[in-house]
Amino acid sequence: MCIRDSCVLLHRRIRELLVVGPRFHPHQGMDMTGKLAVVTGGNSGIGFETCVGLLQAGATVILTSRCPTRAAQAATRALASAGLSEQPEQCTGLPLVLDDTSSTRAFLESLRPYKELHLLVNNAGVHLDLLSQWRQPNLDSTGQHELMWRTNTLGAAQVVFGLLPQLRAATGGARVVNVISMLHSMGRNAELLPVTQSSASAGRGYNSWNAYGNSKLALAHLTFELSRSEEAHGVQAYCLHPGAVYTAVSTRGLEGNRLVLMIKRLFAPVEQWCLKTPEEGAMTSLYCALGKDVRGGAYFRNIARAKHSSEADDGQVS
């Protein structure tokens, strides 16, 4: 083995140890043949790779994107990546804008013909203002809710409860997988209720990172409450941190900061080495979705149960 090959191998092993961690592949999980899965935000990044993994496991997948065209294109790409281009019925792309109540209602209505839903992956979400420049919350179109709260929490909850009848009806049980973040630890229960325009960050003064943490903490509460209330109906719920992943989420969070975005593009090779790829980032989502004998009602990280914020233990909040 030449020096170059040795260096490449060493590079891979170091990255596997420090960045990637344990791996999970769809063939290790349950057979999803004949079962329906919905993945929000499935047009790119972790969501897209989650769709590919579910298709490889045999599932029929409905993915969503804010744009109808991108949703349709993503479905075609996911089928190709899974080696299923000749089976277009296995994957469908639908529009869904989580910060728009009417869009979410239309999406739920489009799923009414499906009597059973075996898996819902709430992957879509936003993390805005990464430089914490906003001094006031950026509100949704109604002017009532902070945008990350409306998208990450209220939008996801609207989808969950709208699809709950189909989840309960699923033969063999169903799973709800909520992609949160380790940053849920930045959230505070005292700032969740009552929900105000600032996403209740008023206690510490508005900060976009705290607002993001609140939105994800609330999603953790939703996960644990679903597990408590729906287990008798055959529905299990999971929440997870995918890891630090190289996706377009951070790019959107830096919109309007041209200099920072230019520097980010300049150092992209370093960032790509230090962060998980979307495929690697999707592994914990797939583990929660497909893992055999993996019980819900918990927070997962690196394909294993992990300790969540103690704030999420307060059942009275949920």
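Just so it is clear, the model here is predicted, and its values are computed rather than measured.

A. How the structure looks around unusual backbone geometry. Even without being a glycine, D293 presents a positive backbone phi close to 60°. Mapping D293 onto the fold places it in the loop between helix 11 (283-290) and strand 7 (298-301). Look at N302: it is not a glycine, yet its phi comes out positive at around 50°. Mapped onto the secondary structure, N302 falls in the segment after strand 7.

B. A look at the packing of helix 5 (residues 147-168) against helix 6 (residues 208-230). The interhelical angle for the contact between helix 5 and helix 6, taken along N-to-C directions, is 15°, at an axis separation of 8 Å. Classified by the interaxial angle, the pair formed by helix 5 and helix 6 is roughly parallel. As for the relative orientation of helix 5 and helix 6, their crossing is right-handed in sense. The segment helix 5 lies against helix 6, with M148, W149, N152, T153, A156, A157, V160, F161, L164 and R168 engaging S208, A211, Y212, N214, S215, K216, A218, L219, L222, L226 and E230. Residues of the contact of helix 5 with helix 6, tallied by class, amount to 13 nonpolar, 5 polar and 3 charged.

Thresholds, definitions, all that
- Residues numbered from 1 in each chain as written.
- Predicted model: local features only at pLDDT ≥ 70, side-chain atom pairs only at ≥ 80, totals over all residues.
- Heavy atoms only, no water.
- Helix = DSSP H or I, 4+ residues; strand = E, 2+ residues; numbered from the N terminus.
- Axes fitted to C-alpha atoms, helices over the stretch in contact; angles between N-to-C directions.
- Parallel < 35°, antiparallel > 145°, perpendicular 65-115°, else oblique.
- Left-handed = near helix turned anticlockwise from the far one by under 90°.
- Contact = heavy atoms within 4.5 Å.
- Nonpolar A, V, L, I, M, F, W, Y, C, P; charged D, E, K, R; others polar.

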